Amino acid sequence: AVFNRIEQVDERIRAFITVTREQALQQAKKVDQARLAGDKLPPLAGIPVAVKDNMCTRGIRTTCASKILYQFVPPYNATVIDRLNKEQMVLVGKTNLDEFAMGSSCENSAFFPTSNPWDETRVPGGSSGGSAAAVASGETVLALGSDTGGSIRQPASFCGVVGMKPTYGAVSRYGLVAYASSLDQIGPFARDVTDCALLLNAICGHDPLDSTSAPYDQPDYKMSLNGEIKGMKIGVPREMMGDGIDAGVREVIEKAIDVLTGLGAFIEETTLPHTEYALPAYYLIAPAEASSNLARYDGVAYGYRSEKAQDMVDMYMKSRSEGFGPEVKRRIMLGTYALSAGYYDAYYNQALKVRTLVKNDFDRAFNKYDLLLGPVAPCTAFKRGEKIDDPMQMYLVDICTLSVNLAGIPAISVPAGMSGNLPVGLHLMGKPFGEEDILRAAYAFEQ
Ligand code: GLN
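Residues numbered from 1 in each chain as written. Predicted model: local features only at pLDDT ≥ 70, side-chain atom pairs only at ≥ 80, totals over all residues.

1. Section: the overall build of the protein chain
Then comes step 1: Check the secondary structure of the protein chain and you find 14 helices and eleven strands.
Then comes step 2: Compactness check: the protein chain gives a C-alpha radius of gyration of 21 Å against a globular reference of 22 Å for 447 residues, within 12% of the reference.
Then comes step 3: Across the 447 residues of the protein chain, 56% fall into the buried class.
Then comes step 4: Taking the contacts inside the protein chain whose residues are at least 6 apart along the sequence as the reference set, 74% of them involve residues at least 24 apart. (Helix = DSSP H or I, 4+ residues; strand = E, 2+ residues; numbered from the N terminus. Rg over C-alpha atoms; globule rule 2.2 N^0.38 Å. Buried ≥ 20, exposed ≤ 12 C-beta atoms within 10 Å, placed from the backbone. Contact = placed C-beta atoms within 7 Å.)

So, in structure tokens, the structure goes:
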């Protein structure tokens, strides 16, 4: 059914870079045979899942939507892929993204842009736009994305699906192609909160292959879906409901506050005073880490190599100039500048200090509240081409999501209503490893 749907709509939506039909049908057949033989199957056995094309899949091309990796076939699986396999889930394909996950609209893909299934003239959000669009259009049941500054939550909001960024360290990053290693985190896309909790169960947990993976007792997230939120304390940071938020979006969030209040939550305004500094800090830290992580693409060991080079240095330069797109180059230049001798203290070090202030804001708020709430994005899905020539406009779309990554905390986008004909996501943010509170509230709200 999923492949029929892909055949029907993906020519227009363009959610997939690679569709793995043959392998998937074989995998599905195996699960079915096991089912018929009466084997006990894991909860997600046989369920179709799409994976953002920046997670390594053994024997299956992994491009990061970049010319520099367009023929790269990894010899190993990311840990999350092994976990999906262990669950006997069926990988249906690899989804489109902004090149190396840098962007908010999926327009920075070196291959093609993805469309928003609600209005095909609009973007699906980004960078995990392909995964969000694939779930929203019924081309898959579940999907994985990665979130460095909002790349799961914002496309989930724009496409009207559930998307969750877990606590930093909750899901292994082994085999996730690194963008900004101290911020990147893999997470689930689903049609509802229950499916999201099930996929989170499948991918969470400690992994010795990732030195930043946290050893912790992983709960069964499905158990937290009991609809019970009476007495839960929720803060609404006024910095996330200010003038920059579209009126239509604010209206949906205010209605959501009424719904949660009706369910017995105690909700009041609060403050995260350093929120306005999160964006400049993020756009120093993320490019700084990216400039270092992307140094490995030099045309030597793997990836694109220019044919035109005269000598070795020329080969590095031409391979990188021809292989990377304009946004990736912009980030490499920004990051290299911020890390260079003489500027390091003024920019990178300063940004790290601001990061601590942002984190302290959250710590303070979570002394008082179980959750924080606001919009995921200041707007609904915008038209393709509207912001692509103005990087600052594009960066501003992440204003509500970036601080969560700087602090390393978990957060979800859950569909909350419509503004005009377009979906709006409610942003619920929790304490480190507070995924259960987030899921409990999101589930109660969804009912
Ligand atoms: N849009 C942000 C950026 O371009 C966030 C991307 C992400 O979360 N991967 O960096």
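Picking up after the structure, the text goes on.
2. Observations regarding the sheet that holds strand E9 (residues 371–375)
Then comes step 1: Taken in spatial order, the eleven strands of this open sheet run E1-E3-E2-E4-E6-E5-E10-E11-E9-E7-E8, and their pairing is mixed. The outermost strands of the open sheet, each flanked by one partner alone, are strand E1 (16–19) and strand E8 (266–270). Neighbour to neighbour, the strand axes of the sheet diverge by 30° on average, direction disregarded.
Then comes step 2: Each of E1 and strand E3 (90–95) is contacted by helix H2 (residues 21–36), which is oriented at about 160° to E3, the strand it contacts most. (Pairing = 2+ DSSP bridges. Axes fitted to C-alpha atoms, helices over the stretch in contact; angles between N-to-C directions.)

3. Brief notes about the site of the ligand
Then comes step 1: Every one of the 13 residues lining the ligand counts as a neighbour, but Ala101, Ser104, Thr148, Gly149 and Ser151 are closest to it.
Then comes step 2: In terms of residue class, the shell around the ligand is built from four nonpolar, seven polar and two charged. (Near = placed C-beta within 6 Å. Nonpolar A, V, L, I, M, F, W, Y, C, P; charged D, E, K, R; others polar.)

4. Quick word on the confidence of the model for the protein chain
Then comes step 1: Looking at the protein chain, pLDDT values average 97 and 100% of them are 70 or higher.
Then comes step 2: Our summary of model confidence lists the complex with pTM equal to 0.98 and ipTM equal to 0.97. (pLDDT = per-residue confidence, 0-100.)

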